[in-house]
Structure formats: structure tokens, C-alpha cells
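Notes for the structure review
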Amino acid sequence: MTPAEAFLWTHLKSRKLAGRRFNRQFSIENYIADFYCHQERLVIELDGQVHMNPTAQEKDRLRTARLKELGYTVVRFENYMVFEHLYFVLEEIEEHFSSIE
């Protein structure tokens, strides 16, 4: 895991976020989701510098489109957001829950 993934994982693991269970490095077809919540069919992706070029952005766009075709919701954050705006990131994730417990 990247440092951002490890940091976010400490806030998602063990049902810490609204009682939802997340998996990390979850396989869906040919893709590996950074984090996945089965209950919500929610994929969380963290993007670092490697995602900041046109080729990677196009791959990410195609990946997101395919996951949406399969019925998943995909939420993306840049790594720095996890460190600098964690509360916002967690709140944004919770907004995609069907009902907050």
C-alpha cells in the first residue's frame, strides 16, 4: 500500500466508518480496487502522481466507466486529500452509503 492508502485504511478497517466493511486491494474483473465496500458496491480509488498524466487518466476513465457498467459506484481522491482533508474524504465516502447507521 502507498502511504495514503495505509493512512486511509486505518480509518476504514474494522468497520470504523458507519459500520461498513471494506476490503483493500479487491479484485473486480481485471482491476484491483484500492478499497471496496460490498454492502454499498462502492469502490474507493486513491490517485498519486502516477495518475497525473494523460495516458494514466485515460486508463482511469475507462476503468471507472467499466466499473460503473458493472453497477459499482467509484469515488476517486488524490492522495494529498487523505492527508490534508481526511474529514472531507470520510464524509464524501459516507455520502455514498445507502443509509448511514
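The present account deals with the structure reproduced in this document. The shown structure was predicted, so the numbers you read here are calculated from the model rather than taken from an experiment. (Residues numbered from 1 in each chain as written. Predicted model: local features only at pLDDT ≥ 70, side-chain atom pairs only at ≥ 80, totals over all residues. Heavy atoms only, no water.)

Per the stated rule, a full pass over the model turns up seven salt bridges. For the salt bridge of Arg 20 with Glu 40, the shortest nitrogen-to-oxygen distance reads 2.8 Å. With a gap of 20 residues between them, Arg 20 in the loop between α1 (3–12) and β1 (23–28) and Glu 40 in the loop between β2 (31–37) and β3 (42–47) connect regions that are remote in the sequence. A single burial state applies to Arg 20 and to Glu 40, both of which are buried. Overlapping salt bridges, with partners in common, bring together Glu 29, Arg 66 and Glu 69 in one network. (Salt bridge = Lys/Arg side-chain N within 4 Å of Asp/Glu carboxyl O. Helix = DSSP H or I, 4+ residues; strand = E, 2+ residues; numbered from the N terminus. Buried < 20%, exposed > 50% of the residue type's maximum accessible area, 1.4 Å probe, protein only.)

This part covers the nonpolar core. One broad trend across soluble globular proteins is that nonpolar side chains are buried collectively. One finds Leu 8, Leu 12, Phe 22, Phe 35, Ile 44, Phe 77 and Ile 93 to be the most contacted residues of the largest nonpolar core, which totals 21 residues. Only α1, β2, β3, β4 (73–78), α3 (79–84) and α4 (86–94) provide two or more residues apiece to this core. Those residues in contact with Ile 93 that lie beyond four places of it in its chain are Leu 12, Leu 17, Phe 22, Leu 42, Ile 44 and Phe 77. Ranked by size, the runner-up nonpolar core spans seven residues in total, among them Ile 28, Ala 33, Val 43 and Tyr 72. (Core = buried A, V, L, I, M, F, W, Y, C linked by side-chain atoms within 4.5 Å. Contact = heavy atoms within 4.5 Å.)

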